Amino acid sequence: MQRSKILRLFVILFFNLSFILPAKSSASAQPALNLKKIIQEALQNNPQIKAAYKKYEAAQARVKLLYSLADPKFEYGYDKIYADMDAVMRGKTGPMRTYAIEQEIPFPTKLFLRKSAAEKESQALKQDYEEKKNEIIQKVKEAYFMLSLSNKQIQINEDTKILLDGLIKTLSNRYAVGSASQQDVLKAQAEYAKLDNQSILFRQKKRIAQSMLKALLNRPQDSALDEPPTISEARAFKIEQSKILSLSKKNRPELKSAQAEVKKSEINYSLAKEEYLPDFMFKYQREQRENSAGDWAAMLGVTIPLWFWEKQAPMVKEAKKEAESMQALYQDLENMALYEAEAALSKVEAGEKLAKLYETSFLPQAEAAYKAVSIGFEAGKNNFLDLLDSERMLLEFKLDYAMALADLEIAYAELERAVGIELEKENEK
């Protein structure tokens, strides 16, 4: 009789605490790690983002460089030999000094095309910078939600260990007086050891997530990091499925970068054909003697693409093939971008359905099964192993539900990167 009362009390306590304790600890926790704030921190401090922006700035500076003319050449000559010959032949004396300035001028359309190509390259790198920001935002969200998941898993595991520890003590006491079997005690101890092993793995995952988050935020690895809130339920996502693919084609920075590269290759093709046109050279020269202001001369030169079949023709062919290659590459990138958007959308939709199943079916059924086994155990119809199996199934469902919630958030972050914009802001328009 006494044994039945003790076990009944333990079962009631175990069942209530297994659901109440995690909820209370989650409600009482004060989350300090804010997702929006650490995203802004990553955008400001992440080295990869800084490097991408510096490349963009360098490309901007290159635009003016390629549009400018080559440096002019200045020449100064001091001719004593020629001056002595003049003195003999024409009676002139004193050395001759010459001053000359020379400027090379490409065909005007070449300068324009070079500038246009540099501008397209700059636009491509600007979009690479935007793509890098989206990539880092996704990684920050993934590390953030993995850290949140690890905390939830540790919490569930530790609460279960507390309850199982109480059960082991009760069974050990009953075994000492012959009221419980050794098999029950050993089984409970083995289950506790399994929870210990899980705890080690969960804490390892937490440490990895913390380390990744610090790296993304450019924080020292030995610095402190606040804890994120745990996810208690699936949030509702507003997604217009019919617009996802069109939004990806319109907004994905990676595609915009590829489009700019295609335009650049087309401009380079036009520029290669411009090489059939001549470039110019202008030179102004002035002579000066001691007793004379001297004379001046002006010269205009022009390049002749005489060996065009060996130089210009292969150059045009190369540029044409490069343009065709970039067009094919863009098509492949577009196909992959649309695939990534579709795959991410599929993950979000499946994640929402799975989370709903856990909330409305899996967890309630596991709770009901646990209650039924508990009642049967009290009545002597179920043994301790049945109760332990039921508890294990409930624990696994709780852990799987926590993972499903985190996976759903991560899938949504993947979808936003695949689309190239924040979907919540898009829906507000």
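Small disclaimer: the values here were computed from a predicted structure and weren't measured.

Chemist: Before we go on, may I ask you to explain helix H6 (residues 182-217) in this structure?
Modeler: Note that an α-helix has 3.6 residues per turn; residues three or four places apart therefore point the same way. Here H6 is 36 residues long and its end C-alpha atoms lie 53 Å apart, about the 52 Å a rise of 1.5 Å per residue gives. Note on H6: the residue one or two positions beyond its end, Asn-218, has a positive phi of about 60 degrees.

Chemist: It is not clear to me how unusual backbone geometry should be interpreted in this structure. Could you clarify?
Modeler: Phi is mostly negative for residues that are not glycine, and the peptide bonds are mostly trans. A positive phi angle, close to 60 degrees, is found at Asn-218, a residue other than glycine. With respect to the secondary-structure elements, Asn-218 resides in the loop between H6 and helix H7 (244-251).

Chemist: What is the right way to look at the packing of aromatic side chains in this model?
Modeler: Each aromatic ring pair is summarised here by two numbers: the centre-to-centre distance and the angle between the ring planes. Throughout the structure, instances matching the rule amount to ten aromatic pairs. Where Tyr-144 meets Phe-145, the ring centres are 5.2 Å apart and the plane angle is 85 degrees; that geometry is what we call edge-to-face. Neither residue differs from the other here; Tyr-144 and Phe-145 are each classed as buried. On the numbers, 6.2 Å between centres and 70 degrees between planes, the contact of Tyr-358 with Phe-397 is edge-to-face. One end of the pair, Tyr-358, is in helix H9 (residues 312-378); the other, Phe-397, is in helix H10 (residues 384-419), with 39 residues separating them in the sequence. Cluster of aromatic residues (ring-pair linked, three or more members): Tyr-358, Phe-362, Phe-397 and Tyr-401. The ring of Tyr-56 carries Lys-126 above its face, with NZ or CZ at 6.0 Å from the centroid. A cation over an aromatic ring shows up here: Lys-273 above the ring of Tyr-269, its NZ or CZ 4.5 Å from the ring centre.

Chemist: What is the right way to read the nonpolar core from this model?
Modeler: A general tendency of soluble globular proteins is for nonpolar side chains to be buried together. In terms of nonpolar packing, the biggest core is built from 27 residues, with Leu-33, Ile-38, Val-140 and Leu-213 touching the most fellow members. Contributing elements (two or more residues each) for this core: helix H2 (35-45), helix H3 (47-67), helix H5 (108-176), H6, H9 and H10. No other element matches H5, which puts seven residues into this core. When near neighbours in sequence (up to four residues on either side) are disregarded, Leu-33 contacts Ile-38, Tyr-144, Leu-147, Leu-213, Leu-225, Asp-226, Glu-227, Pro-228 and Pro-229.

Chemist: Would you mind showing me how to read the environment of Asp-184 here?
Modeler: Position of Asp-184 among the secondary structure elements: in helix H6. The sequence separation of Asp-184 and Leu-171 amounts to 13 residues, and the corresponding C-alpha distance is 7.4 Å. With residues near it in sequence (within four places) discarded, Asp-184 still touches Leu-171, Phe-384 and Leu-385.

Chemist: Would you mind going over the environment of Glu-254 with me for this structure?
Modeler: By secondary structure assignment, the location of Glu-254 is in helix H8 (residues 253-274). Along the chain, Glu-254 and Tyr-129 lie 125 residues apart, while their C-alpha atoms are 9.4 Å from each other. Among all residues touching Glu-254, those that are not within four sequence positions of it are Glu-131 and Leu-333.

Rules and cut-offs
Residues numbered from 1 in each chain as written. Predicted model: local features only at pLDDT ≥ 70, side-chain atom pairs only at ≥ 80, totals over all residues. Heavy atoms only, no water. Helix = DSSP H or I, 4+ residues; strand = E, 2+ residues; numbered from the N terminus. Expected span 1.5 Å × (residues − 1). Phe/Tyr/Trp six-rings, centres within 6.5 Å; stacked < 30°, edge-to-face > 60°. Buried < 20%, exposed > 50% of the residue type's maximum accessible area, 1.4 Å probe, protein only. Lys NZ or Arg CZ within 6 Å of the ring centre and 35° of its normal. Core = buried A, V, L, I, M, F, W, Y, C linked by side-chain atoms within 4.5 Å. Contact = heavy atoms within 4.5 Å.

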